[in-house]
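Observations on the model geometry
What follows is the residue order along each chain.
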Amino acid sequence: ADVIRDWHAWVSVRPRYNGSEKNKGKVISPNTVAKAYRILRSICEVAVDDGVMPKNPCRLRGVASERTPEQRVATAEEVQRICEAIGEDYNAMIMVAAYGGLRWGEIIGLRRNRIDFRANTIRVVEQVTQPDSRTFVPGPPKTDAGVRTVTMPAEVMTVLRIHVRKNAEKGKTGLVFPAPKGNYLRRSNFYRRTWLPAVEKAGIEKLRFHDLRHTHATLAVAMGTDIKTLMKRMGHASPRAALIYQHAQSDDSIADGFSQVIADAAASAAAAKVAGDPSEPNAVGTKLARPDLRVVE
């Protein structure tokens, strides 16, 4: 256990520098350390099962849990500003992410034959992962739930139709959102050259492309979408992720409900004041009650 504790303390402050200047001075992220610890714990568990070790030494509390950063959700008005700032080459991509909920890998792997303009649907059957900055690995979604058909708003399909005619690769299986020189769109290039300048121009801070997917789910819940339907649309294999959006929206709804109660109370008080309701102490035409100045013994 002491060896594991020393290892965890060391890896938690280990420099992240690997020759890249942008990583100089940085350390490995807590989430990466948590993943490494879980893998080590699993390896030790197998060793215990095989009789190689008497017990699992990975018994540190609280170090295996990852901390999810707070999700940023854009408003519909902010999405519109991003579309205007990013230009016609990519505004369809923004709308597919924000109003269809597709992941980055699903978007860059989308092909023309997966779009049905008559039914206003996009069929998600593949995604592209990037194990490193230079490698693209196309394949099916990581879970069966990821394979799905997403019905899109007609307004989005209108913009998407124009984009396909102008910018998509030729042929039935051509990429819908290719890189300027062809092949898959590289995330790092898109972020640096297109996304960051667009959100800055739109006056929006700390918004990631993936936050558009959070935006989609949040807006869907606000419209009254149930958990089962949201899971199917988002490609979630379990209700856990979908429940996060519903819980957040429920809390917002409670606050909005109280705001409405306060507004109704204020409106009622104002109406009573104008009408001169005698039950209202400050109503027009009513004498103000004089305070009782007698000393109570």
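Above this text is the structure in question.
The notes below deal with the structure included here. (Residues numbered from 1 in each chain as written. Predicted model: local features only at pLDDT ≥ 70, side-chain atom pairs only at ≥ 80, totals over all residues. Heavy atoms only, no water.)

**Some points on the overall build of the chain**
- Each helix and strand counted, the chain has 10 helices and 5 strands in total.
- Counting over 297 residues, the chain shows a buried share of 34%.
- Surface summary for the chain: the accessible area is close to 19,200 Å², and the carbon and sulfur share equals 54%. (Helix = DSSP H or I, 4+ residues; strand = E, 2+ residues; numbered from the N terminus. Buried < 20%, exposed > 50% of the residue type's maximum accessible area, 1.4 Å probe, protein only. Areas by Shrake-Rupley, 256 points an atom, 1.4 Å probe, with all protein chains shown as cover.)

**Notes on the side chain of Arg148**
- Tracing the backbone through its elements, the reader meets Arg148 in strand β5 (residues 148–151).
- Judged by its relative accessible area of 3%, Arg148 falls in the buried class.
- Separated by 2.8 Å, the side chains of Arg148 and Glu106 make a polar contact.
- Only 2.7 Å separates the side chain of Arg148 from the backbone oxygen of Gly146, close enough to count as a polar contact. (Polar contact = N/O pair within 3.5 Å; in protein donor to acceptor, adjacent residues only side chain to side chain.)

**Overview of the environment of Cys58**
- Among the secondary structure elements, Cys58 is positioned in the loop between α2 (30–49) and α3 (76–86).
- Here Cys58 falls in the buried class, since its relative accessible area comes to 7%.
- A sequence separation of 17 residues divides Cys58 from Arg41, and the C-alpha atoms of the two residues are 5.5 Å apart.
- With residues near it in sequence (within four places) discarded, Cys58 still touches Ile4, Tyr37, Leu40, Arg41 and Cys44. (Contact = heavy atoms within 4.5 Å.)

**Quick look at unusual backbone geometry**
- Positive phi outside glycine occurs at Asn183, with the angle close to 70°.
- You can see Asn183 is positioned in the loop between α6 (154–167) and α7 (187–201).
- Of note, the phi angle at Lys206 is positive, near 55°, even though the residue is not glycine.

**Things to note about the nonpolar core**
- Counting 47 residues, the largest nonpolar core has Leu160, Phe190, Trp195 and Phe209 as its most contacted members.
- Contributions of two or more residues to this core are made by α3, α4 (91–100), α5 (104–108), β2 (121–124), α6 and α7.
- Sort the elements by how many residues they give to this core and α4 lands first, with 7 residues.
- What Phe190 contacts, discounting residues up to four positions off in sequence, is Ile86, Tyr90, Met93, Trp104, Leu185, Trp195 and Phe209. (Core = buried A, V, L, I, M, F, W, Y, C linked by side-chain atoms within 4.5 Å.)

**Overview of the state of the cysteines**
- Per the counting criterion, the structure on display carries 0 disulfides.
- Not engaged in a disulfide, the cysteine Cys44 finds its nearest cysteine sulfur in Cys58; these two sulfurs lie 4.0 Å apart.
- When its relative accessible area of 7% is taken as the criterion, Cys44 is described as buried. (Disulfide = S-S within 2.5 Å.)

**A closer look at the pattern of salt bridges**
- Inspection of the entire model under this criterion finds 8 salt bridges.
- Two residues, Arg81 and Glu77, come together in a salt bridge whose shortest N-O distance is 2.8 Å. Here the residue Arg81 and the residue Glu77 both occupy positions in helix α3, the gap between them amounting to 4 residues, near one helical turn. (Salt bridge = Lys/Arg side-chain N within 4 Å of Asp/Glu carboxyl O.)

**Topic: the side chain of His8**
- Structurally, His8 can be placed in helix α1 (residues 2–12).
- In contact with His8, not counting residues within four places along its chain, are Val33, Leu60 and Val63.

**Observations concerning the packing of α4 against α6**
- Interhelical geometry of α4 versus α6 gives an angle of 145° and a closest axis separation of 9 Å. The hand of the α4/α6 crossing is left-handed. Facing α4, whose interface residues are Asn91, Ala92, Met95, Val96 and Tyr99, α6 presents Glu155, Val156, Val159, Leu160 and His163. (Axes fitted to C-alpha atoms, helices over the stretch in contact; angles between N-to-C directions. Left-handed = near helix turned anticlockwise from the far one by under 90°.)

**Overview of the pairing of strand β4 (residues 135–139)**
- As defined by bridge partners, strand β3 (residues 127–132) adjoins β4 across 4 bridges and the pair is classed as antiparallel. Each residue of the ladder has a partner; that of Asp132, found in β4, is Thr135.
- Where β3 folds back onto β4 in an antiparallel hairpin, the turn is made up of 2 residues. (Pairing = 2+ DSSP bridges.)

**As for the packing of aromatic side chains**
- As enumerated under the stated definition, the model contains 8 aromatic pairs in all.
- Each ring, one from Phe190 and one from Phe209, has its centre 5.7 Å from the other, and the planes form 90°; the classification is edge-to-face. Of this pair, Phe190 sits in helix α7 while Phe209 is found in the loop between α7 and α8 (211–222), placing the two residues 19 residues apart along the sequence.
- Note on Phe190: relative accessible area 1%, which makes it buried.
- Overall, Phe209 belongs to the buried group, its relative accessible area being 3%. (Phe/Tyr/Trp six-rings, centres within 6.5 Å; stacked < 30°, edge-to-face > 60°.)

**A short note on α7**
- Between its first and last C-alpha, α7 extends 20 Å over 15 residues, near the 21 Å set by a 1.5 Å rise per residue.
- Along α7, the helix axis deviates most sharply at Trp195, where the bend reaches about 35°; the proline Pro197 sits within four residues downstream.
- Among the residues of α7, those classed as buried are Phe190, Tyr191, Thr194, Trp195, Ala198 and Val199.
- In this structure, the buried residues of α7 make contact with α3, α4, α5 and α8. (Expected span 1.5 Å × (residues − 1). Bend = angle between axes of the 7 residues up to and from the residue.)

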